[in-house]
Amino acid sequence: MATLTRSQAEELLFREALLIDTRRYDEWLAMFTPDIEFWMPAWRNETETTTDPDRELSLIYYKGRRNLEDRVMRLTSGLSTASSPPPRVVHVISNVLLTAGDADTAEVSAVFTCHRFDVRMNRTECFFGRYEYALRRESEAWLIVRKKIVLLNDVIPTVVDITSI
């Protein structure tokens, strides 16, 4: 089998962004392996993030797709007042690079900007940072097995959720 190409990596990341932007959560969740690690570390100081989600503070940490599914359920059920009405978001993904890979695995990095309009507060926000992905081929599809989000502007005026990063 051929290794993942940069074009295929871009397609996967662009698709993930579109699915979260358009609130197509079931399709978005299907992009992840059951053992996904979805992690946004906190900043330890001005130049270093935390490195161990089991022992140090994280802004977001979900181990396993069931935890992501639970978060999506809260977003879509109306149980969370923070997500009703849902914010309008658009992700811009750029600088996609393959950093490692073989026939069955790949490491990909990218940068992102997420523009978010909070309908309740009539407020626009912009979040930006870097992504690090680990991908694994399962059958004919590439799935996300790890997603690390380094949020560079972490002094934020609101709660950051999966839709904003």
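Up top is the structure.
Residues numbered from 1 in each chain as written. Predicted model: local features only at pLDDT ≥ 70, side-chain atom pairs only at ≥ 80, totals over all residues. Heavy atoms only, no water.

**Some remarks on the environment of F38**
So, step 1. Position of F38 among the secondary structure elements: in strand 1 (residues 32-41).
So, step 2. For F38, the contacting residues outside a window of four places in its chain are W28, F32, I60, Y61, Y62, L68, K147, I149, I162 and I165. (Helix = DSSP H or I, 4+ residues; strand = E, 2+ residues; numbered from the N terminus. Contact = heavy atoms within 4.5 Å.)

**Observations concerning the nonpolar core**
A general tendency of soluble globular proteins is for nonpolar side chains to be buried together.
So, step 1. Residues W28, F38, L68 and L135 are the most contacted members of the largest nonpolar core, which totals 37 residues.
So, step 2. When residues in this core are grouped by element, the largest group, 6 residues, is from helix 1 (residues 6-21).
So, step 3. Once you skip the residues sitting within four places of it in the chain, W28 turns out to touch E16, L19, I20, F38, L68, V72 and I162. (Core = buried A, V, L, I, M, F, W, Y, C linked by side-chain atoms within 4.5 Å. Buried < 20%, exposed > 50% of the residue type's maximum accessible area, 1.4 Å probe, protein only.)

**Considerations on helix 1**
So, step 1. A rise of 1.5 Å per residue sets the reference length of helix 1, with its 16 residues, at 22 Å; its end C-alpha atoms lie 22 Å apart and thus fit the reference within 8%.
So, step 2. Listed as buried for helix 1 are A9, L12, L13, E16, A17, L19, I20 and D21.
So, step 3. On its buried side, helix 1 packs onto helix 2 (25-29), strand 1, strand 3 (88-101), strand 4 (105-118), strand 5 (123-138) and strand 6 (141-151).
So, step 4. A positive phi of about 55 degrees marks R23, the residue just after helix 1. (Expected span 1.5 Å × (residues − 1).)

**Some remarks on the packing of aromatic side chains**
So, step 1. Evaluation of the coordinates by the stated rule reveals 6 aromatic pairs.
So, step 2. Ring geometry for F38 and Y62: centres 6.3 Å apart, planes at 45 degrees, overall tilted. Highlighted residues: F38 in strand 1 and Y62 in strand 2 (residues 58-63), separated in sequence by 24 residues.
So, step 3. Residue class for Y62 comes out buried when judged on its relative accessible area of 19%.
So, step 4. Their ring planes at 10 degrees and their centres at 4.4 Å tell us that F112 and Y131 sit as a pair that is stacked. Of the two residues, F112 sits in strand 4 while Y131 sits in strand 5, which places them 19 residues apart along the sequence. (Phe/Tyr/Trp six-rings, centres within 6.5 Å; stacked < 30°, edge-to-face > 60°.)

**Digging into the sheet that holds strand 6**
So, step 1. An order of 2-1-6-5-4-3 is seen for the 6 strands of this open sheet, with the pairing classed as mixed. If you trace the sheet from one side to the other, it starts and ends with strand 2 and strand 3, each paired once. Across the sheet, the axes of successive neighbouring strands diverge by a mean angle of 20 degrees, strand direction being ignored.
So, step 2. In this structure, strand 1 lies alongside strand 2, joined through 5 bridges in antiparallel fashion. When the sheet's bridge partners are listed, M40 is paired in strand 2 with I60.
So, step 3. Each of strand 1, strand 3, strand 4, strand 5 and strand 6 is contacted by helix 1, which is oriented at about 155 degrees to strand 3, the strand it contacts most.
So, step 4. Strand contacts of helix 3 (residues 65-77): strand 1 and strand 2, with the helix running at about 70 degrees to strand 1, the strand carrying the most contacts. (Pairing = 2+ DSSP bridges. Axes fitted to C-alpha atoms, helices over the stretch in contact; angles between N-to-C directions.)

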